[in-house]
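# An overview of the molecular structure
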Amino acid sequence: MTMRRVSLLGATGSIGDSALDVIARHPGRYAVVALAAHRNARKLAALCRKFRPSMAALLDADAARALERELAGDGLPTRVLAGPDGLVEAARCAEADTVLAAIVGAAGLAPTLAAARAGKRLLVANKEALVIGGAAFMRAAREGGATILPIDSEHNAVFQCLPAGYAGDPARAGVRRIVLTASGGPFRARAVDTLGAVTPDEACAHPNWRMGRKISVDSATMMNKGLEVIEAHHLFGVPARMIDVVVHPQSVVHSLVEYVDGSLLAQLGHPDMRTPIAQALAWPERIDSGVGPLDLASLAALAFEAPDPARFPCLKLAYDALAAGGAATVVLNAANEVAVAAFLGGRASYPAIAATCAETLARVAPRAVASLDDALAADAESRRTACALLRLPADATGMPLAA
Ligand code: NAD
Ligand code: MG
């Protein structure tokens, strides 16, 4: 058994917690060599004491100094890094063979891409990085010799249902379509005409999953599923017309692959991210994730229904953006990040999220994306446009969503 050395980007978040829980169950099999996060120095210091990484990076320079002070005199092997370059250094860390990308939002793109270029075994939770990077990201990973393993539960389920060695050619593998399941979030059954009044806490109260606040809001609007359709398109080389979404309120079937012979393969399990994380950490082997057995007899029923377009306009926006091609998916993702941050900060209503995304897509001129620079330019223009629409200062484009 080879010891895997892991760099964990987004260590202080929800995925970070789940990943470290799995890793801590297998001390002889995984070592943490780098940890990175935004600005929560206290939490990162506690993680450094527990996992003794060689490096710890915080984006926020003041927080990085606070981390250094916290750790001084502890005799740890940990070098503290700061700023965007520090995050990239943690992602490239020569000691790491495995990088788990779990920063939220576009902020994760540069370090995730650095890990792809460095040929790491790359476990991707940070779907926004895949949406922005798109084909250029996948190419960089191929050229860098990286192995991409999806952690997003739906994509991990699809990965498990595809044949071993699947190489991005659905026809060759006999795949007819991919079916992504969606819980429907906290507002699946709420009267649509009351959605104008929902609060951030209501939007974050997901019925099945405990997650960070940005992805929780995305789950409520179903932009999360829209981003996941785009993510699946890039990860598996499958056109949008072969990707369907079905609402499945129990979140037990995590997604399915349908083959041309009529077989439908699904992956089932508790809604607990430790399962896909453990699957990807150990692949092609299997390890205990801490998730208990699923008692099928106790599941009263598994329900499936078509998503309601009036309730979830963001889902159609994502399909439309994918069909439009070029930078449209990048524009959509960026507008959504701005609008969700504004909603969580009390500066925009819940319906303004979908409205801002639609209007930004309409206003930003279409452009081709031949390179990552093209994608980043579209991302920046979209953020400026969305800020103007929401009457936010032009610099309110970031995502102060997490510690
Ligand atoms: P979270 O908000 O709980 O954690 C985000 C992490 O990213 C934190 O460690 C934070 O410090 C770090 N971070 C935030 N902004 C940063 C920045 N500018 N620079 C550096 N680090 C920054 O989010 P989460 O729920 O853990 O989600 C992380 C990613 O995984 C998201 O892209 C999300 O869509 C994806 N994902 C999450 C889940 C889940 O169950 N939580 C499931 C599937 C996919
Ligand atoms: Mg998901």
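Just so it is clear, the structure is predicted and the values come from calculations on it, not from any experiment.

## Looking at the state of the cysteines
Enumeration over the complete set of coordinates arrives at 0 disulfides. No disulfide involves C387; its sulfur sits 12 Å from that of C357, the nearest cysteine. The class for C387 is buried, based on a relative accessible area of 1%.

## Looking at the sheet that holds strand β11 (residues 264-268)
Backbone hydrogen bonds are what pair the strands of a sheet, in a parallel or an antiparallel way. Ordered by their spatial adjacency, 4 strands build an open sheet running β9-β8-β10-β11, and the pairing between neighbours is mixed. Strands with a single pairing partner mark the edges of an open sheet, and in this sheet they are β9 (243-247) and β11. The average undirected angle you get between the axes of adjacent strands in this sheet is 20°. Here 5 bridges tie strand β8 (residues 175-182) to β9, and the two strands are oriented parallel to one another. Opposite T181, over in β9, you have V246 as the bridge partner.

## Regarding the nonpolar core
One recurring pattern in soluble globular proteins: nonpolar side chains tend to sit buried together. Counting 100 residues, the largest nonpolar core has F137 and F236 as its most contacted members. Examining the composition of this core, we find that 11 residues originate from one element, helix α14 (residues 328-344), more than from any other. Leave out the neighbours within four places in its chain, and F137 touches L109, T112, L113, A116, L122, A129, L130 and I148. In this structure, L35, L47, I151 and W209 belong to the second largest nonpolar core, which totals 40 residues.

## Considerations on the side chain of K225
Within the secondary structure layout, K225 lies in helix α11 (residues 223-236). For K225, a relative accessible area of 5% puts it in the buried group. Of note is the side chain of K225, whose polar atom sits 2.7 Å from the side chain of E228. Ignoring any residue separated from it by four or fewer positions in sequence, one finds K225 in contact with E154, L180, T181, A182, V245 and L315.

## Some remarks on the coordination of the magnesium ion (ligand 2)
Ideal coordination angles are 109.5 degrees for a metal with four donors arranged tetrahedrally and 90 or 180 degrees for a metal with six donors arranged octahedrally. Taken together, D152 (OD), E154 (OE) and E228 (OE) make up the full set of protein donors to the magnesium ion (ligand 2), lying 2.0 to 2.2 Å away. In the primary structure, the donors to the magnesium ion (ligand 2) are separated according to the pattern D-x1-E-x73-E. According to the relative accessible area criterion, D152 is buried, its value standing at 7%.

## Side note on the packing of helix α1 (residues 14-24) against helix α12 (residues 274-282)
Relative orientation of the contacting elements α1 and α12 amounts to 55°, with a least axis distance of 9 Å. Regarding the angle of α1 to α12, the classification is oblique. Both α1 and α12 take part in a crossing whose hand is right-handed. Along the contact surface, α1 presents I15, S18, A19, D21, V22 and I23, while α12 presents R274, I277, A278 and L281. Here the contact of α1 with α12 is built from residues that sort into 7 nonpolar, 1 polar and 2 charged.

## Things to note about the layout of surface pockets
There is about 750 Å³ of room inside the second largest pocket. Contributing to the lining of the second largest pocket are 27 residues, with I148, F159, Y166, A167 and L235 lying nearest its centre. Counting only elements with at least two residues in the lining of the second largest pocket, the list comes to α6 (127-144), β7 (147-150), α7 (153-161) and α11. Element by element, the count of residues in the lining of the second largest pocket is highest for α6, at 5 residues.

## Quick word on the environment of L299
Tracing the backbone shows L299 in the loop between α12 and α13 (313-324). For L299, a relative accessible area of 22% corresponds to the partly exposed category. With 49 residues separating them along the chain, L299 and Q250 place their C-alpha atoms 9.0 Å apart. Once you skip the residues sitting within four places of it in the chain, L299 turns out to touch V252 and L294.

## A word on unusual backbone geometry
Cis geometry is adopted by the peptide bond preceding P284, which originates at W283 and carries an omega value of 5°. In this structure, P284 sits in the loop between α12 and α13. Phi is positive for R52, close to 50°, though the residue is something other than glycine. Relative to the helices and strands, R52 resides in the loop between α2 (41-51) and β3 (55-58). Classification of R52 as partly exposed rests on a relative accessible area of 46%.

Conventions and cut-offs
- Residues numbered from 1 in each chain as written.
- Chains lettered and ligands numbered in written order.
- Predicted model: local features only at pLDDT ≥ 70, side-chain atom pairs only at ≥ 80, totals over all residues.
- Heavy atoms only, no water.
- Disulfide = S-S within 2.5 Å.
- Buried < 20%, exposed > 50% of the residue type's maximum accessible area, 1.4 Å probe, protein only.
- Pairing = 2+ DSSP bridges.
- Helix = DSSP H or I, 4+ residues; strand = E, 2+ residues; numbered from the N terminus.
- Axes fitted to C-alpha atoms, helices over the stretch in contact; angles between N-to-C directions.
- Core = buried A, V, L, I, M, F, W, Y, C linked by side-chain atoms within 4.5 Å.
- Contact = heavy atoms within 4.5 Å.
- Polar contact = N/O pair within 3.5 Å; in protein donor to acceptor, adjacent residues only side chain to side chain.
- Donors = N, O, S within 2.8 Å, 3.2 Å for Na, K, Ca; no water.
- Parallel < 35°, antiparallel > 145°, perpendicular 65-115°, else oblique.
- Left-handed = near helix turned anticlockwise from the far one by under 90°.
- Nonpolar A, V, L, I, M, F, W, Y, C, P; charged D, E, K, R; others polar.
- 1 Å grid on protein atoms, 1.4 Å probe; cavity = no way out; pocket = protein on both sides within 12 Å on 5 of 7 lines; lining within 4 Å.
- Points joined across faces, edges and corners; volume = space filled by probe spheres on them.

Any link to function would need more than the numbers given here.
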